[in-house]
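Listed below, chain by chain, are the residues.
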Amino acid sequence: MEFILEILTSAFWIILAITILVFVHEMGHFLTAKLFGMRVERFSVGFPPNLLSRKFGDTEYVVGATPLGGYVKISGMIDESFDTEHLKSEPKSWEFRSKPVWQRIVVITAGVVFNVILAAVIFAGLKFSYGETYIPAENLQGVYVEEGTVVHNMGLRTGDHIVAVNGQALERLGDLTDLNALLADTLRITVERDGERLTFTGPEDIMTQINRAGGSIGIGTENYFPALVGGGADGFPAPAAGLRAGNRILSIEGDSIRFWLELIEKVEAAQGAPLTVRWFRPDSLVSGAATEATSAARLVRTTEDGRIYEAQITPEYSSEDDRYLLGVQGPTQAMIEREFGVERRTFDPGEALVAGVEDTWTNAKGIVVSLERIFVGRESLRENLGGPVRVAQVTQQAAEAGAQYFWHIVAVLSITLAIMNILPIPALDGGQLLFLIYEGITRREPSARVRMAAQQIGMILIIGFMAFLIFNDILRL
């Protein structure tokens with residue numbers, strides 16, 4: 001039952017996202033066609049069989065049961081319906097084919113333009129509603145680097161202080177994983193280590209390697225989290241030994257611990273063997289019997305601002321997590337903000353609009369560069385392109401994370417839809433645009449036979465490519 005519910009939830013969010021994108025895309029074609037006096041015979045969101053169908057004026061408005069796209073059928077246009085009946089008579093004033101080339105180009109490209117506008121509006125809305133919250137890079141003195149990650153293979157190590165990316169000083173934590181940084185010709189990360197500056201170069205197929213690693217370069221916000229205890233789980237050994245929220249883990253088995261992920265790695269490596277854990281408790285928590293360490297812990301020494309305790313703790317296996325645990329939770333958001341001094345920025349409507357356009361440009365550039373790198377063989381096609389299954393997974397994860405993340409994914413998908421549609425492939429808007437550009441230059445319309453053949457070939461290519469993407473998604477599950 002839980003599996004079925006998960007599938008239905010995934011389906012709901014992806015259908016909602018696709019419906020929004022398709023509606024806006026087709027609305028672009030619809031409104032511009034109406035603007036130039038073209039007759040729109042059908043406006044459909046989704047493909048047959050039809051769930052709802054109503055006709056107002058010359059246009060039939062349809063909601064299809066197959067939510068994988070949509071279409072606007074304009075009189076006098078050869079499209080994916082392969083309808084050529086209109087060619088048997090002279091062009092009518094309301095037909096697509098009777099209009100000037102420039103007007104037809106506007107109609108064909110309007111869907112793409114509307115998707116780009118939608119993305120910019122969403123990004124602007126997110127900036128205005130949520131602003132920006134970020135950690136200033138100058139407050140981050142070191143980072144945890146897990147073995148086998150992309151950055152570890154580049155040469156970074158735990159404790160490195162990252163100071164620059166691609167020659168630019170690192171201002172915010174998020175700048176490290178910014179699309180512009182990752183898609184530079186060669187990613188370069190400069191760090192300070194033992195008083196020396198070192199620069200490490202990323203692999204040529206960095207996006208492929210990131211995707212193979214589950215979408216992570218190996219450094220996220222959590223890699224900076226200090227070994228602060230955010231809370232304890234009742235019944236586990238660490239709270240029983242005296243570890244409390246606000247304590248800072250100093251060492252395990254004599255090895256210094258600076259980062260929360262470093263603590264997790266050390267506990268997992270022990271595989272249930274007893275560990276000598278040393279921690280610091282600030283004076284603010286040393287008050288009253290309830291906050292003192294238990295008899296299992298030994299007071300090592302008292303410092304100016306707190307006490308240092310030590311105890312032997314045996315990790316307990318959790319079948320739910322399938323690993324050994326001490327029974328303590330990571331630092332809370334409030335602790336992180338106190339530790340690093342998180343900055344917040346708000347946007348007025350004008351600033352939000354500018355930021356929304358900038359985010360749209362950045363994401364569009366990232367998608368185009370990614371496609372170019374795939375095309376020249378620098379990145380793997382299988383690892384870097386996702387189909388409906390992958391899109392559904394990402395959309396559901398974003399929806400579960402909250403409205404901010406869901407709308408961000410919708411904006412990115414809107415840009416992706418725009419770019420894919422403008423590619424010069426028959427049966428897509430870009431293919432139609434190519435014929436119109438040819439007509440505008442040569443003053444001669446391509447024959448109906450050529451356009452029909454191109455549409456059919458384009459549909460075969462698209463269906464085949466979609467089948468490949470779905471099969472590839474399944475293999476990657």
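Anything mentioned here points back to the structure above.
Residues numbered from 1 in each chain as written. Predicted model: local features only at pLDDT ≥ 70, side-chain atom pairs only at ≥ 80, totals over all residues. Heavy atoms only, no water.

Overview of the sheet that holds strand E5 (residues 168–169)
Adjacent strands of a sheet form backbone hydrogen bonds with each other and so pair up, either parallel or antiparallel.
Part 1 of the reasoning: The four strands are arranged E5-E4-E6-E7 in an open sheet whose pairing can be described as antiparallel. In the strand order of this sheet, the two ends are held by E5 and strand E7 (196–201), each with one partner.
Part 2 of the reasoning: Where strand E6 (residues 188–193) and E7 come together, six bridges link them in antiparallel fashion. Looking across to E7, one finds that Arg193 is bridged to Glu196. (Pairing = 2+ DSSP bridges. Helix = DSSP H or I, 4+ residues; strand = E, 2+ residues; numbered from the N terminus.)

So, the sheet that holds strand E10 (residues 255–256)
Part 1 of the reasoning: Judged by pairing direction, the sheet is antiparallel, and its five strands sit side by side in the order E10-E9-E11-E13-E12 without closing on themselves. Sheet topology places E10 and strand E12 (298–302) at the edges, where each strand pairs with a single neighbour.
Part 2 of the reasoning: Bridge count for E12 against strand E13 (residues 306–313) is four bridges, and the pairing is antiparallel. Residue pairing across strands places Leu299 opposite Tyr309, the latter belonging to E13.
Part 3 of the reasoning: Across the sheet, helix H7 (residues 260–270) touches strand E9 (248–252), E10 and strand E11 (275–282), and the angle it forms with E9 is around 40°. (Contact = heavy atoms within 4.5 Å. Axes fitted to C-alpha atoms, helices over the stretch in contact; angles between N-to-C directions.)

What about H7?
Part 1 of the reasoning: Regarding H7, the residues found buried are Trp260, Glu262, Leu263, Val267 and Ala270. Down the axis, H7 shows its buried residues gathered within 160° of arc, on one side only.
Part 2 of the reasoning: The inward-facing, buried residues of H7 abut E9, E10, E11, strand E15 (323–325) and strand E16 (328–329).
Part 3 of the reasoning: Among the residues trailing H7, Gln271 stands out with phi positive, at a value near 50°. (Buried < 20%, exposed > 50% of the residue type's maximum accessible area, 1.4 Å probe, protein only. Arc of directions from axis to C-beta.)

Notes on the pairing of E11
Part 1 of the reasoning: The buried fraction of E11 amounts to six of the eight residues, a majority that puts the element mostly inside the structure.
Part 2 of the reasoning: Here E11 runs beside E13; their pairing, made up of eight bridges, is antiparallel. Note on E13: the bridge partner recorded for Val277 is Ala311.

Scope: geometric values only; no functional claims are made or implied.
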